[in-house]
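Architecture at a glance
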Amino acid sequence: MDNIVIVGAGQGGLQAAISLRQDGFTGRITLIGGEEGLPYQRPPLSKAYLKTGDAGALRLRPASFFAKAGIDLIGGLWVDHIDRNAQTVMAGDRVFPYDHLILATGTRNLRPPIPGLDRALDLRTLQDASRLRAALDRPKRCAVIGGGFIGLEFAAVAAGLGHDVTIAEAAPRLMARAVSPAMSERFHALHRDLGTTLHLNAPVTDVTEDGITLQDGSAIGADVVLLAAGVRPNTHLAKVAGLPVENGIVVDAFLLTNDPAISALGDCAVFPNPNTGQPVRLESVQAATDHARLISRRITGKSRDPYAAVPWFWSDQADAKLQIAGLAAPDDEALAGADGTIWRFAGDRLSAVETVNNAKTHMQARKRLAGVPIDRAALFGTGFDISAV
Ligand SMILES: Cc1cc2nc3c(=O)[nH]c(=O)nc-3n(C[C@H](O)[C@H](O)[C@H](O)COP(=O)(O)OP(=O)(O)OC[C@H]3O[C@@H](n4cnc5c(N)ncnc54)[C@H](O)[C@@H]3O)c2cc1C
C-alpha cells in the first residue's frame, strides 16, 4: 500500500496520520481538512479558550511537524465526492487517488427546527468559539439551549466571568444521555450554586430578538443565545458513495466499512461495542484517537486485534472535573459510594464508573475495566475499592 488519504483533519484524522508514521508506514499520507489552519483540539473551546482566547494553545502539532513527518496536510479544502471504483476522492476539481481511505469527518451541530435559531451561536469550531468569545465582551445575559456537556461547560465559564446564565434543557435532567441521575443532580446543584438558572423539561420553541421562549410560554431575556443541543455525524460523503450509514458510518470491529479500502473513525463512526456487540457511536477524544491507532496498526500489519479500548471521557465544569470510565446504558443501575463515586452495573457486571475530582479511582477503573469483567459482589466485598478487586 503506497497511498493513504484521510478526510477530516481533526483529532482522529491527525492521530491516524501520526500513528501511521510511528508504525512505520513509508508511503504517501494526505490529510485533508475542511477547516482552515492547523489541526487543533476542540475540548478547550468550551473551557480554557473562552477565558484566554489563546488559539495557539489549541494546536495539536506545529506547522513544522507536517513537513518533518512527511504528511501532506491540506487545510481549507472540503472533499465532496468519493469514487470507490476509481479509488479517488474529489474536492472541487482536485482529485486524490488512494489505496486506503480513512473517513474522519466528525460531527456538526444538530439544528432543531426552532424559529429564529439563526440568531443563536454555535460552539463546535475555533471560529464558533472566537465569535462566542467576542460576544461576551461585557456582562451579558446568556441563554443556553441544551444541558449537555458543552452547554454546561460554557455555562460554568460564563457564570464564572460574571455573565447572567440560563440553561433550557428539554430532558428531565442534565447530561441525561451520559451520566446517572445522581450525577445529573450533583451538577444541577453545582450550576445552581454558581447562580445559573436551570429549566428542565423545557424545550425551546422560539429564538427571538429578546431571547428564547420555552414550551410553557415563558420568555427568557438574553443578549447571547448558545445552541448546544447535540450533534449529527457527518456521513453524507459515505452515504452518497453507497457505504452503510446508520447513526454514523457503519464499521466492523476492525473499524473497516464494508469496502475493504475504506475505514472510518471517531465521532462519525458507528462500531460494535466490544462488551455488548451493539452498535455505538462515541463523541470523545479517546474514541477518535484509539480508533486511529487501531486503524494504523491494522494497515501496517502490527496487529490484527479487534477494537477493545475502554471508553473514557472528561468534562470540566467550574471546579468539578467529571470523569467517566467505561460505558453505561441509560438504564444501567447506579450505586453511590461514600466518596461520591457512582458505580454503574449492567446486570451484575460493572459497566462504568463516574467520578468527580477523583483521578485515582478513574484511572484504576480504566485499568480494571480493560481486564476480566468485574462482578458486583466482588466489588461490594472490597467495600468498592476497585484496586483490590
Ligand atoms: C466545544 C467542545 C468541547 C468538547 N469537550 C470534550 C471533552 O471535554 N472531552 C472529550 O473527550 N471530548 C470533547 N469534545 C469532543 C471531541 O472534541 C470530539 O469527540 C473529537 O474532536 C472527535 O474527533 P474526530 O476526529 O472524530 O472529529 P473532529 O475532531 O470533529 O474532526 C473532524 C474534522 O473533519 C472535517 N471534515 C468534515 N467533513 C469534511 C469533508 N467533507 N472534507 C474535509 N474535511 C471535513 C471537519 O471540518 C473537522 O475539522 C468536545 C467537542 C467540542 C466541540
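First things first, this report covers the structure right here in the doc. (Residues numbered from 1 in each chain as written. Predicted model: local features only at pLDDT ≥ 70, side-chain atom pairs only at ≥ 80, totals over all residues. Heavy atoms only, no water.)

**Overview of the site of the ligand**
To be explicit about the condition: For this purpose, a residue is taken to be near a molecule or strand whenever a single non-hydrogen atom of the residue falls within 4 Å of it. Between N or O atoms, a polar contact is any pair within 3.5 Å; within protein, one atom must be a potential hydrogen donor and the other a potential acceptor, and residues adjacent in sequence are included only when both atoms are from side chains. Methods summary: accessible areas were calculated by the Shrake-Rupley approach with a probe of 1.4 Å, and residue burial reflects only the protein chains presented. Strands are runs of DSSP state E lasting at least two residues, helices are runs of H or I lasting at least four, and both sets are numbered from the N terminus onward. Under this grouping Gly is polar, as are all residues other than the nonpolar Ala, Val, Leu, Ile, Met, Phe, Trp, Tyr, Cys and Pro and the charged Asp, Glu, Lys and Arg. Note that the domain bounds were set by an automatic or database domain assignment.
Around the ligand there are 34 residues in total, and G12, E35, K47, V79 and D267 lie nearest to it. Between S284 and the ligand, the recorded distance is 3.0 Å, taken from a backbone N or O atom to an oxygen atom. Burial of the ligand by the surrounding chains reaches 95%, relative to a free accessible area of 1,000 Å². For the shell around the ligand, the secondary-structure elements that each account for two or more residues are α1 (11-22), α5 (149-160), α8 (285-299) and β21 (312-317). Among the elements that line the shell around the ligand, the one with the most residues is α1, at 3 residues. Taken together, the residues of the shell around the ligand break down into 14 nonpolar, 13 polar and 7 charged. Each of domain 1 (3-108 + 231-299) and domain 2 (115-227) contributes no fewer than three residues to the shell around the ligand.

**Things to note about the sheet that holds strand β14 (residues 219-221)**
We apply this condition: Strands pair, by our definition, only if DSSP identifies at least two bridges between them. For every element, the axis is a line fit to its C-alpha atoms; helices are fit only across the contacting stretch, and the angle between N-to-C directions ranges from 0 to 180 degrees.
The 3 strands are arranged β12-β13-β14 in an open sheet whose pairing can be described as antiparallel. Because the sheet does not close on itself, it has two edges, and the strands there are β12 (204-208) and β14. Adjacent strand axes in the sheet meet at a mean angle of 20°, parallel and antiparallel pairs treated alike. As paired strands, β12 and strand β13 (residues 211-214) are joined by 4 bridges and run antiparallel to one another. Of the residues in β13, the one forming a bridge with D206 is T213.

**A word on the pattern of salt bridges**
Stated formally: Salt bridges, as used here, are contacts in which a Lys or Arg side-chain nitrogen is within 4 Å of a carboxyl oxygen on Asp or Glu. A simple rule labels every residue: compare its accessible area, found with a 1.4 Å probe on the protein chains alone, to the largest value its type can have, and call it buried under 20%, exposed over 50%, or partly exposed in between.
In total, this model carries 14 salt bridges according to the counting rule given. The closest approach of N and O atoms between K140 and D137, which form a salt bridge, is 3.2 Å. As a salt-bridge pair, D223 and R141 come within 2.9 Å of each other at their nearest N and O atoms. Residue D223 is located in the loop between β14 and β15 (224-227), and its partner R141 is located in strand β9 (residues 141-145); the two are separated by 82 residues in the primary sequence. By relative accessible area, D223 is classed as partly exposed at 43%. Residue R141 is classed as partly exposed on the basis of its relative accessible area, which comes to 35%.

**Let's talk about the packing of α1 against α8**
Heads up, the rule is: By convention the crossing between two helices is left-handed if the near helix lies anticlockwise of the far one by an angle smaller than a right angle, and right-handed if it lies clockwise. Any two residues whose heavy atoms approach within 4.5 Å at even a single point are treated as in contact.
At their nearest, the axes of α1 and α8 sit 8 Å apart, and the two run at 30° to each other. Relative to α8, α1 is oriented so that their crossing is right-handed. For the pair α1 and α8, the contacting residues are Q11, G12, Q15, A16, S19 and L20 in the first and V285, A288, T289, A292, R293, S296 and I299 in the second. A per-class count over the contact of α1 with α8 returns 6 nonpolar, 6 polar and 1 charged.

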